[in-house]
Amino acid sequence: AQSVTQPDIHITVSEGASLELRCNYSYGATPYLFWYVQSPGQGLQLLLKYFSGDTLVQGIKGFEAEFKRSQSSFNLRKPSVHWSDAAEYFCASLSPGGSYIPTFGRGTSLIVHP
Amino acid sequence: DAGVTQSPTHLIKTRGQQVTLRCSPKSGHDTVSWYQQALGQGPQFIFQYYEEEERQRGNFPDRFSGHQFPNYSSELNVNALLLGDSALYLCASSFDSNEQFFGPGTRLTVL
C-alpha cells in the first residue's frame, strides 16, 4: 500500500527566510505527487503537481518542488516566505493506472514569525 | 466558475442523529470524492462516486453512505452519529481522475 510521510509536524521560519518542507513516499513505481495548502477552516488548494518529465516543478505562490527518485522524496521549497504562507501543507501521492484516490500525509504546520 | 461548493458550512448534531452533507462539483467534472479530516490529521478517503455509482470506498463503516445525482452533485449521509464523527468533511471533484479540486468543507460537530 502507498504511504506518504511528512516527518515535520511543525516548521517555524522567519518572514523572508527560505523554506523546505519534506515529503517521502513509498510506492514501487513513480507515483503522481501533489502538494496542497490548507488555511485554517478551509479546503485544500493545489500548489503544484508532478506527473512526469522535469523533476523540478513550479507551482503557484512562488512554490516549487523537486522529485528525487533515489530518495523517494518530493520536497516543497520557497526562497522567501511571506507571513501569508502560514498554513497547513499536505503532500499526497497517487498511483498511475491504479486507484484514483490520493494518499495524504499527515501535514506540516508552517508558522511564520515576523 | 464557482469551483467546488459544499453546504452547509457548519453543522452541530447530537449523538445518534443522522446528517446529510451536500457537494456541487466544479463545472465539467463528473467524479466526486468525499474525505474526512479530523483535527490535526490529513484527509482520509471515504468514497468516490462516478456515473452515479460508488466506484471506490475507503475504510469507513456502512453508517457512511452517499449518492450522486445526474447533474454530478453528491450527498454524504452519516447515520447514528458518534462523537468521533466530528471532523471537517471535504468534497473533491475531478474529471480525468488525476487531479482533484477541493471544496471548502463542512465542519461537523457531534455533541
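I will try to describe carefully the structure that is included in this document.

The rules behind each value
- Residues numbered from 1 in each chain as written.
- Chains lettered and ligands numbered in written order.
- Predicted model: local features only at pLDDT ≥ 70, side-chain atom pairs only at ≥ 80, totals over all residues.
- Heavy atoms only, no water.
- Helix = DSSP H or I, 4+ residues; strand = E, 2+ residues; numbered from the N terminus.
- Rg over C-alpha atoms; globule rule 2.2 N^0.38 Å.
- Buried < 20%, exposed > 50% of the residue type's maximum accessible area, 1.4 Å probe, protein only.
- Contact = heavy atoms within 4.5 Å.
- Areas by Shrake-Rupley, 256 points an atom, 1.4 Å probe, with all protein chains shown as cover.
- Lys, Arg positive; Asp, Glu negative; His and termini not counted.
- Charge placed at Lys NZ, Arg CZ, Asp CG, Glu CD.
- 1 Å grid on protein atoms, 1.4 Å probe; cavity = no way out; pocket = protein on both sides within 12 Å on 5 of 7 lines; lining within 4 Å.
- Points joined across faces, edges and corners; volume = space filled by probe spheres on them.
- Nonpolar A, V, L, I, M, F, W, Y, C, P; charged D, E, K, R; others polar.
- Phe/Tyr/Trp six-rings, centres within 6.5 Å; stacked < 30°, edge-to-face > 60°.
- Lys NZ or Arg CZ within 6 Å of the ring centre and 35° of its normal.
- Core = buried A, V, L, I, M, F, W, Y, C linked by side-chain atoms within 4.5 Å.
- Salt bridge = Lys/Arg side-chain N within 4 Å of Asp/Glu carboxyl O.
- Disulfide = S-S within 2.5 Å.

## A look at the overall build of chain A
Item 1. Within chain A one finds 0 helices and 12 strands.
Item 2. For a compact globule of 114 residues, the expected C-alpha radius of gyration is about 13 Å, and chain A comes in at 14 Å, within 12% of that figure.
Item 3. In terms of overall dimensions, chain A has a C-alpha envelope of 45 × 30 × 20 Å along the principal axes.
Item 4. Expressed as a percentage of its 114 residues, the buried residues of chain A come to 47%.
Item 5. Considering only residue pairs separated by 6 or more positions, chain A has 54% of its internal contacts joining residues 24 or more positions apart.
Item 6. When the accessible surface of chain A is totalled, it reaches about 5,300 Å², and 49% of it is carbon and sulfur.
Item 7. One finds the centroid of the 8 positive side-chain charges in chain A at a distance of 5 Å from the centroid of its 8 negative side-chain charges.

## Remarks on the layout of surface pockets
Residue and element names in this part refer to chain A.
Item 1. Its volume calculated, the largest pocket comes out at about 270 Å³.
Item 2. Here the lining of the largest pocket takes 3 residues from strand β10 (residues 87-94), the largest share from any one element.
Item 3. Within the lining of the largest pocket, the residues separate by chemical class into 8 nonpolar, 8 polar and 2 charged.

## Points about the side chain of B:Ser94
Item 1. Locating B:Ser94 in the fold gives a position in strand β9 (residues 87-94).
Item 2. Discounting residues that sit within four places of it in the chain, B:Ser94 has contacts with B:His29, B:Asp30, B:Thr31, B:Glu99 and B:Gln100.

## Observations concerning the packing of aromatic side chains
Item 1. In the structure shown here, the tally under the stated rule is 15 aromatic pairs over all chains.
Item 2. With centroids separated by 4.3 Å and ring planes inclined at 35 degrees, the aromatic side chains of A:Tyr32 and A:Phe51 adopt a geometry described as tilted. Placement of the pair is A:Tyr32 in strand β5 (residues 32-38) and A:Phe51 in the loop between β6 (44-50) and β7 (56-58), with a sequence separation of 19 residues.
Item 3. A relative accessible area of 18% places A:Tyr32 in the buried class.
Item 4. Each member of the aromatic cluster is reached from another via a ring pair, and the members are A:Tyr32, A:Phe34, A:Tyr36, A:Phe51, A:Phe104, B:Tyr35, B:Phe45 and B:Phe102.
Item 5. A cation over an aromatic ring shows up here: B:Lys26 above the ring of B:Phe101, its NZ or CZ 5.2 Å from the ring centre.
Item 6. The aromatic ring of B:Tyr50 is capped on one face by B:Arg55, whose charged end is 4.6 Å from the ring centroid.

## A short note on the nonpolar core
Item 1. With 25 residues, the main nonpolar core has A:Trp35, A:Leu48, A:Phe74, A:Leu76 and A:Tyr89 as its most contacted residues.
Item 2. Secondary structure elements with two or more residues in this core: β2 (10-14), β3 (19-21), β5, β6, β8 (64-68), β9 (73-78), β10 and β12 (108-113) of chain A.
Item 3. Membership of the second largest hydrophobic core comes to 20 residues, among which are B:Leu11, B:Phe60, B:Phe64 and B:Cys91.

## Here we look at the pattern of salt bridges
Residue and element names in this part refer to chain A.
Item 1. Under the criterion given, the structure shown has 8 salt bridges over all chains.
Item 2. In this structure, Arg77 and Glu66 form a salt bridge, with 3.1 Å as the shortest nitrogen-oxygen distance. Pair noted here: Arg77 is in strand β9 and Glu66 is in strand β8, with a separation of 11 residues, a long-range link.
Item 3. Look at the salt bridges and you will find they share partners, linking Glu64, Glu66 and Arg77 into a network.

## Brief notes about the state of the cysteines
Item 1. Summed over all chains, the structure comprises 2 disulfides over all chains.
Item 2. For A:Cys23, the disulfide goes to A:Cys91, at an S-S distance of 1.9 Å. An S-S torsion of about -65 degrees defines the bridge between A:Cys23 and A:Cys91 as left-handed. With a gap of 68 residues between them, A:Cys23 in the loop between β3 and β4 (24-26) and A:Cys91 in strand β10 connect regions that are remote in the sequence.
Item 3. The buried category is assigned to A:Cys23, whose relative accessible area is 0%.
Item 4. The disulfide that involves B:Cys23 links it to B:Cys91, with 1.8 Å between the sulfurs. Between B:Cys23 and B:Cys91 the sulfur-sulfur dihedral comes to about -60 degrees; the bridge is accordingly left-handed. Taken together, the residues B:Cys23 in strand β3 (residues 19-24) and B:Cys91 in strand β9 connect sequence positions 68 residues apart.
Item 5. On the accessibility criterion, B:Cys23 (2% relative accessible area) is buried.

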